[in-house]
Amino acid sequence: STLDRSSAASDVYKRQLLREAEHLSVAEPSDEWQARTKERLNGLDAQIDQLAQQVATRRQREFEDTDAEYLHDTIEDHVAELELLAQERVPQLRTRAETAAQLAIESAGVAAAWGESRAVAGRDAPYGGLDLIPQSGLVPLGLDSLSGLLEFALQGSGVVPERGADGALLLDADSALVFVLVPGGVASLGAQPVDEEDTNYDPKTRENEYPVRQVRLDPFLLCKHEVGHAQWDRLAEGLGVYHQCASFEGKQGYEVKPVARITWVDADKLCRANGMDLPTESQWEHAYRAGTDTPWWVGRDPNGMRGFEELRGLGKFRGRTSIYDLRPNPFGFFHMGGNVQEWCADPMVDTQWEARPGDGLRTGVVDGDQRAVRGGAYSVPAIYARSAKRDTSSALDQKNILGVRPAIRLRTSR
C-alpha cells in the first residue's frame with residue numbers, strides 16, 4: 001500500500017542519515033545539518049501520518065468479495081497520493097512556472113550581450129561563422145580569457161556571475177551554472193594501441209574503446225563544472241528528485257562540493273525539467289580531449305594532470321573537493337577527469353555501436369538498464385581518467401563517486 005511504501009522509504013532514509021552521521025570523518029554534524037535533517041524527517045513523518053489518516057477515514061467499508069476490497073483499497077491509495085500531490089508538489093511546481101515566466105521577462109535585458117556573442121561566433125575562430133541565435137534562459141558571459149570560448153549562465157540556477165579584473169569568473173555557492181559553447185566538427189573518439197604515430201594512440205586501450213571513430217558533432221553547450229550541492233537543491237525544488245550525500249552536508253563548504261549518489265533517472269529528470277540534457281558520450285569525450293589525441297588531455301604522462309584533476313596519487317587525498325578548485329582543461333572545463341564520475345545520456349553499448357550525427361548518441365545492443373559513465377574520480381588513479389575510458393552503471397545506482405555535468409542542445413535558426 002502507499003502507506004507501507006512511504007513508511008519503508010522513511011525508515012531507509014533515516015538509517016541512511018544515521019549511517020552518514022556516524023561516518024563523518026572531518027567534523028561532527030553541525031547544528032545546521034542536524035536541524036535540516038530533523039526537518040526532513042519530520043516532513044516525512046507528517047506525510048505518513050497524513051496518508052494514514054486519509055486511508056483510515058475512507059476504509060470504513062467491509063467487503064465479502066476480496067477482489068472488490070482489493071480494488072477499492074487500491075483506488076483509495078491512488079486518491080490519497082493525488083491529494084498529497086495537490087497539496088505538496090503542485091504548489092512547488094507552480095512556483096517554478098512563475099519563476100520561469102519572470103526569467104523570460106528578464107531575458108529581454110540581455111539583448112546587447114547576445115548581440116556581442118553572436119558577432120564573436122559569426123566572425124572569430126574556433127566557431128567558424130556559427131549563426132548563433134539567442135538561447136532562452138541563458139545569459140552571455142563573454143569569452144573566457146584562457147579558452148577563448150564563449151560562456152553563458154543558466155538563469156534560475158543561481159546568481160549570474162561576473163568576471164574579475166583578470167577575466168576569471170567570480171564563483172561561489174550562490175552562483176548559477178556556467179556553460180561553455182563547445183565548437184562542433186568531426187571528433188576522433190576512442191583509442192587504438194597499434195600505431196604510436198597515429199591519432200588517439202593509447203597502449204592501455206580496452207576493447208570497448210577501439211577502434212577510433214570519426215563522429216560529426218554540432219556545436220553544443222556543456223557545464224563548465226560539475227553540479228554542486230547548492231545548485232542541485234535550487235534546480236531540484238518541486239521535482240521529487242534526491243541525492244544521498246548527507247555526510248557532506250555537515251561539513252563546512254559542502255555547498256560547492258559536487259553532488260553525488262544520484263541515480264541516472266533523477267539526474268535525467270532534473271536536467272530535462274530545467275531545459276538541459278545529460279551529455280552524450282561523444283560530446284563528453286570531445287569536450288574532455290579539447291582538441292588533443294593523447295591518452296590524457298595533458299599528454300602521455302598522467303603525472304601532468306597534477307593540479308588539474310582530483311585523482312588518487314596526484315597529491316594529498318582530499319576526497320570530493322570544490323567544483324571550482326584546481327585548473328581547467330584547454331576548453332575551460334574543471335574536473336572532467338576527476339572529483340566524481342559523470343552520467344551520460346547514452347545507454348551503455350559496449351562494442352558494436354553507431355553514433356547519431358549531430359550529438360553522437362550511441363545506439364546498439366544494450367545490456368539491461370546500464371548507462372554510460374565517463375571520467376575518473378577522487379578515489380581512483382589516473383588510469384581511470386584516460387580520454388577514451390568508458391564505464392557503466394545501472395540507471396538506479398547511487399554511488400558516492402558518481403555525479404552529473406549537464407549539457408544544453410544549441411538551438412539554431414533552422
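Tallying secondary structure elements over the chain gives 8 helices and 11 strands in all. Of all 414 residues assigned to the chain, the portion counted as buried reaches 49%. Taking contacts inside the chain between residues at least 6 apart in sequence as the whole, the part at least 24 apart equals 67%. Accessible surface, the chain as shown: approximately 19800 Å² in total, 52% of it carbon and sulfur.

The next thing to look at is the packing of aromatic side chains. Across all of its chains, the model carries 4 aromatic pairs by this definition. When the centroid spacing of 5.1 Å and the interplanar angle of 25 degrees are considered together, the rings of W114 and F152 count as stacked. Remark: F152 occurs in strand β2 (residues 150-154) and W114 occurs in helix α4 (residues 111-123); sequence separation between them is 38 residues. We note that W114, like F152, is buried.

Turning to the sheet that holds strand β9 (residues 390-394), a few remarks are in order. Strand pairing in a sheet relies on backbone hydrogen bonds, with the paired strands running either antiparallel or parallel. Reading across the sheet, the 4 strands line up as β9-β8-β7-β10 and stay open at both edges, with mixed pairing between neighbours. On the outer flanks of this sheet lie β9 and β10 (402-403), each paired with one strand and no other. Bridge count between strand β8 (residues 362-374) and β9: 5 bridges; the pairing is antiparallel. Bridge assignment links R374 to a residue of β9, and that residue is R390.

In this section: a negative patch on the surface. A surface patch of like charges, here negative, comprises D195, E197, D198 and D293. Relative accessible area serves as the criterion here: at 36%, D195 is assigned to the partly exposed category.

For the rest of this paragraph, the subject is the pattern of salt bridges. Applying the stated criterion to the full structure yields 19 salt bridges. Between R123 and D124 there is a salt bridge; the shortest N-O distance is 2.8 Å. Owing to a relative accessible area of 58%, R123 belongs among the exposed residues under this scheme. A relative accessible area of 26% places D124 in the partly exposed class. A salt bridge links E310 to R318; the nearest nitrogen and oxygen atoms lie 2.7 Å apart.

Below, the discussion takes up the nonpolar core. Counting residues in each nonpolar core, the largest one holds 66 residues, and the members touching the most others are L132, L181, W232, M276 and V404. Among the nonpolar cores identified, the runner-up in size contains 5 residues, and A153, L169, A176 and V178 belong to it.

Turning our eyes to something else, we now look at the sheet that holds β2. The strand order β1-β2-β3-β6-β11 describes an open sheet built from 5 strands, whose pairing is antiparallel. On the outer flanks of this sheet lie β1 (138-143) and β11 (407-408), each paired with one strand and no other.

Before going further, it helps to examine the packing of helix α5 (residues 229-236) against helix α7 (residues 264-273). When two helices pack together, their arrangement is given by the angle between the helix axes and by the axis-to-axis distance. The contact between α5 and α7 brings their axes to 10 Å, and the two run at 65 degrees. It follows that α5 is roughly perpendicular to α7 by the angle criterion. For the pair α5 and α7, the sense of crossing is left-handed. The segment α5 lies against α7, with W232, L235 and A236 engaging D266, A267 and L270. Taken together, the residues of the contact of α5 with α7 sort by class into 5 nonpolar, no polar and 1 charged.

Turning to the confidence of the model for the chain, a few remarks are in order. With 80% of its residues at a pLDDT of 70 or more, the chain has an overall mean of 85. In the predicted structure, residues 19-28 sits below a pLDDT of 50 and forms 12 contacts with residues beyond four places in sequence or in another chain.

Moving on to unusual backbone geometry. Residue A125 is joined to P126 through a cis peptide bond whose omega torsion reads 10 degrees. Tracing the backbone shows P126 in the loop between α4 and β1. Between Y210 and P211 the backbone carries a cis peptide bond, its omega angle lying at 0 degrees. Along the chain, P211 falls in the loop between β4 (185-189) and β5 (213-217). Positive phi outside glycine occurs at N339, with the angle close to 70 degrees.

Calculation criteria
Residues numbered from 1 in each chain as written. Predicted model: local features only at pLDDT ≥ 70, side-chain atom pairs only at ≥ 80, totals over all residues. Heavy atoms only, no water. Helix = DSSP H or I, 4+ residues; strand = E, 2+ residues; numbered from the N terminus. Buried < 20%, exposed > 50% of the residue type's maximum accessible area, 1.4 Å probe, protein only. Contact = heavy atoms within 4.5 Å. Areas by Shrake-Rupley, 256 points an atom, 1.4 Å probe, with all protein chains shown as cover. Phe/Tyr/Trp six-rings, centres within 6.5 Å; stacked < 30°, edge-to-face > 60°. Pairing = 2+ DSSP bridges. Patch = residues over 30% accessible without salt bridge, like charges linked within 9 Å, V, L, I, M, F, W, Y side chains within 5 Å. Salt bridge = Lys/Arg side-chain N within 4 Å of Asp/Glu carboxyl O. Lys, Arg positive; Asp, Glu negative; His and termini not counted. Charge placed at Lys NZ, Arg CZ, Asp CG, Glu CD. Core = buried A, V, L, I, M, F, W, Y, C linked by side-chain atoms within 4.5 Å. Axes fitted to C-alpha atoms, helices over the stretch in contact; angles between N-to-C directions. Parallel < 35°, antiparallel > 145°, perpendicular 65-115°, else oblique. Left-handed = near helix turned anticlockwise from the far one by under 90°. Nonpolar A, V, L, I, M, F, W, Y, C, P; charged D, E, K, R; others polar. pLDDT = per-residue confidence, 0-100.

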